[in-house]
Amino acid sequence: ATVKSKLQTECGTVGTDKDCVYDVTLADGNLKITGLEAGGYVIEFTAVGFFPRTITTQVAPSTDVAQQEVIMVPLGSLQGQVNDDTAAPVQGVTLRLLKGTEVVATTTTSATGEYLFSRKLLPTTYTVEVVSSNYSSTPRSVVGALAATLNLDVVVRGLSLITGEVKQLELLKGEFEPYETSDFN
């Protein structure tokens, strides 16, 4: 937890996080903030994998205890399986979870083609894309939801490399002759 500001101006400027430093300890699942004087405070609670919560609370004069219950809501998760176009699971494919152009997380598929982005999604739109030199796919969109696990399966198509010699027909000779491939764009 972070005390973002004291509502009165004795502790920095209202609405800022400067000059307001308090000791925060965790014991038995309870946070204890010490050193607060009487007055109103804005407190922000953050934890990895949870949606941040901000509360406003009052501390009464001459009291040691002012309890607030704060329920932290987990971020959403996204799971699924990556299969090729024959429905076979694909191992070792890297997936990126994007919010706009920002990479939120990356993961790699398991031996069974499964992937998981655990507690990464806010309630907004994301794109899942495959990053592979061996496979291609169309990026997929998904809307995140708090405290939910969404499923999104992805189908990839194997890339092929075609090699060979390019020849052109010389009509006057009636023969095929090698064609210079540097002329291709």
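The present account deals with the structure reproduced in this document. (Residues numbered from 1 in each chain as written. Predicted model: local features only at pLDDT ≥ 70, side-chain atom pairs only at ≥ 80, totals over all residues. Heavy atoms only, no water.)

A few points about the nonpolar core
Leu78, Val82, Leu95, Leu97, Tyr115, Phe117 and Val154 are the most contacted members of the largest nonpolar core, which has 17 residues in total. Elements with a minimum of two residues in this core: β6 (76-84), β7 (94-99), β9 (114-121), β10 (125-131) and β14 (154-158). One finds Tyr41, Ile43, Phe45 and Val59 within the second-largest nonpolar core, a separate group that totals 5 residues. (Core = buried A, V, L, I, M, F, W, Y, C linked by side-chain atoms within 4.5 Å. Buried < 20%, exposed > 50% of the residue type's maximum accessible area, 1.4 Å probe, protein only. Helix = DSSP H or I, 4+ residues; strand = E, 2+ residues; numbered from the N terminus.)

What about unusual backbone geometry?
Leaving glycine aside, a negative phi is the common case for residues, and trans is the common case for peptide bonds. Although it is not a glycine, Arg119 sits at a positive phi angle of roughly 50 degrees. Position of Arg119 among the secondary structure elements: in strand β9. For Arg119, a relative accessible area of 36% translates into the label partly exposed.

Quick word on a nonpolar patch on the surface
A contiguous nonpolar surface patch, about 260 Å² in accessible area, is contributed by Val24, Leu26 and Leu31. With respect to the helices and strands, the residue Leu26 is situated in strand β2 (residues 23-27). By relative accessible area, which is 62% here, Leu26 ends up exposed. (Patch = residues over 30% accessible without salt bridge, like charges linked within 9 Å, V, L, I, M, F, W, Y side chains within 5 Å. Areas by Shrake-Rupley, 256 points an atom, 1.4 Å probe, with all protein chains shown as cover. Salt bridge = Lys/Arg side-chain N within 4 Å of Asp/Glu carboxyl O.)

Observations regarding the pattern of salt bridges
In total, this model carries 4 salt bridges according to the counting rule given. Between Asp85 and Arg157 there is a salt bridge; the shortest N-O distance is 3.8 Å. One end of the pair, Asp85, is in the loop between β6 and β7; the other, Arg157, is in strand β14, and 72 residues separate them in sequence. With relative accessibility at 45%, the residue Asp85 sits in the partly exposed group. Residue Glu177 pairs with Lys173 through a salt bridge whose shortest N-O separation is 2.8 Å. Note on Glu177: relative accessible area 22%, which makes it partly exposed. Accessibility expressed as a relative area gives 53% for Lys173, which makes it exposed.

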